[in-house]
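Structural overview for review
What follows is each chain in one-letter form.
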Amino acid sequence: MNGELPNGWVWSKVGDLFETITGNTPSKKDPSNYGNYTPFVKPPELNNSLIFEAKDGLSKKGTKLARILPPNSVLVSCIGILGKTGMNSLPVAFNQQINAIIYSKNTNSKYVFYYFQSTYVKELLYSLSSATTVPIVNKSKFETIPIPLPPLAEQQRIVNKIDELFTNLDKGIESLEDVKSKLKVYRQAILKYAMEGKLTERWREENKGKIESTSILLEKMKQKSIKTNLKLNTIELSALPEIPLPWKWVKLQDIMDMSSGKAFKKAEYSGEGLRLLQISNVSFGMIKWDNIEYLPFEYESSYQDLLLKEGDILMALNRPILNGELKIGIVKGKDLPSILYQRVGRFDLFCKEIKDYLFYYCRSPFFINKLKSSLQGVDQPFINKSR
């Protein structure tokens, strides 16, 4: 924080302005020390907010053994995770992991409360902490923390402005969450309309007589498929939604095959090499590498059939659906070289031209609902190739 302050402000230290106190814990060997008489605050209750209650409490007897803070004091965690703050709205006891600044009518407690939430103070606390496994800032070091002090009236103005901005920020966060929810619904609606032909109605009308027949596309796939009939029977068709001409319903097995990887043993893993693409790497519409395991580069020649290529569509076969979304992604150049692990399905398309269309179709509500009805297992739902 810059040392220069506005006119009328001064730098001071916590110990020069306030009475500070470190908390304590009445003996737990005596259960009669604990009850519902006084809230007993510990670091988990410090969430940069006002404190109205605590998970644990002290009895009247235990309260006499504790250090009690008057309302509007500022509590700061000073052992372990440093800089968690709270301000009590009622008298509270607190444990030894917390240093507190006792309310003074000469300053605005909420101003001090907000100041201790700043990045500057949190970084300062860690710089003051003792060099042990668990960071600790004792009371004497805590009192050396500098604080910029404006006139009392300006402190109130600052607090009012922060409250106003934080309220607007909270409303903005609520709005963003609402927008995210609406965008998810909107996205699903777009996919639904796309797969029903509604997004391309005008295009079909404008290009009538110029569009290659679906029959020609099916014939191309038939040449690569071991299946001989790409049509669904009347009963199957009757259960499907209506689609525009010249669209046709077919089964996935008629336009693609599916392969999955091998269950490589952990003993085979290496520190570097080919990335092993596992279920955890297949996310919602993308491939993610938050968790990475490697196999030796020599496996490239031994398992050529499992090597992934740019454009491969992959789908999780265990727990493929979460919160109504499908774990599916397309391999990109940045994901290579990588090799396929078990229970990740790779779509082997008979016609590569439909790759992008099929990818979006699989993310549509219709496909996800159909897939969900085909899942097996309860604790760990899964799908196999035949289904």
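Look a little higher up for the structure.
Every value quoted in this text rests on a predicted model; they were computed, and no experiment measured them. (Residues numbered from 1 in each chain as written. Predicted model: local features only at pLDDT ≥ 70, side-chain atom pairs only at ≥ 80, totals over all residues. Heavy atoms only, no water.)

A closer look at the sheet that holds strand β9 (residues 92–94)
With mixed pairing, four strands are arranged side by side in an open sheet as β5-β3-β9-β6. A strand with exactly one partner marks an edge of an open sheet, and here the two such strands are β5 (56–58) and β6 (68–69). Strand direction decides the pairing type here: strand β3 (residues 34–41) and β9, joined by two bridges, are parallel. Bridge pairing links Val41 to Phe94 in β9. (Pairing = 2+ DSSP bridges. Helix = DSSP H or I, 4+ residues; strand = E, 2+ residues; numbered from the N terminus.)

Some words on unusual backbone geometry
That bond from Leu336 to Pro337 is cis: its omega, -5°, falls within 30 degrees of zero. Mapping Pro337 onto the fold places it in the loop between β18 (328–330) and β19 (338–340). Even without being glycine, Asn72 reaches a positive phi, approximately 70°. Along the polypeptide, Asn72 turns up in the loop between β6 and β7 (74–77). Located in the positive-phi region is Asn323, a residue other than glycine, with phi close to 55°. Counting through the fold element by element, Asn323 comes out in the loop between β16 (321–322) and β17 (325–326).

With respect to a nonpolar patch on the surface
A surface patch of nonpolar side chains, amounting to about 580 Å² of accessible area, comprises Val179, Leu183, Tyr186, Ile190, Tyr193 and Leu199. As for its position among the elements, Tyr186 is in helix α6 (residues 152–195). (Patch = residues over 30% accessible without salt bridge, like charges linked within 9 Å, V, L, I, M, F, W, Y side chains within 5 Å. Areas by Shrake-Rupley, 256 points an atom, 1.4 Å probe, with all protein chains shown as cover. Salt bridge = Lys/Arg side-chain N within 4 Å of Asp/Glu carboxyl O.)

A closer look at the pattern of salt bridges
Here the idea is simple: oppositely charged side chains can pair when their charged atoms come close. Under the criterion given, the structure shown has 11 salt bridges. For the salt bridge of Lys139 with Glu143, the shortest nitrogen-to-oxygen distance reads 3.1 Å. In this structure Glu143 comes out as partly exposed when scored by relative accessible area, which is 22%. The shortest N-O distance in the salt bridge between Asp356 and Lys355 comes to 3.9 Å. Exposure remark for Lys355: the relative accessible area of 25% places this residue in the partly exposed category. Through salt bridges with shared partners, a single network forms among Asp312, Arg346 and Asp348. (Buried < 20%, exposed > 50% of the residue type's maximum accessible area, 1.4 Å probe, protein only.)

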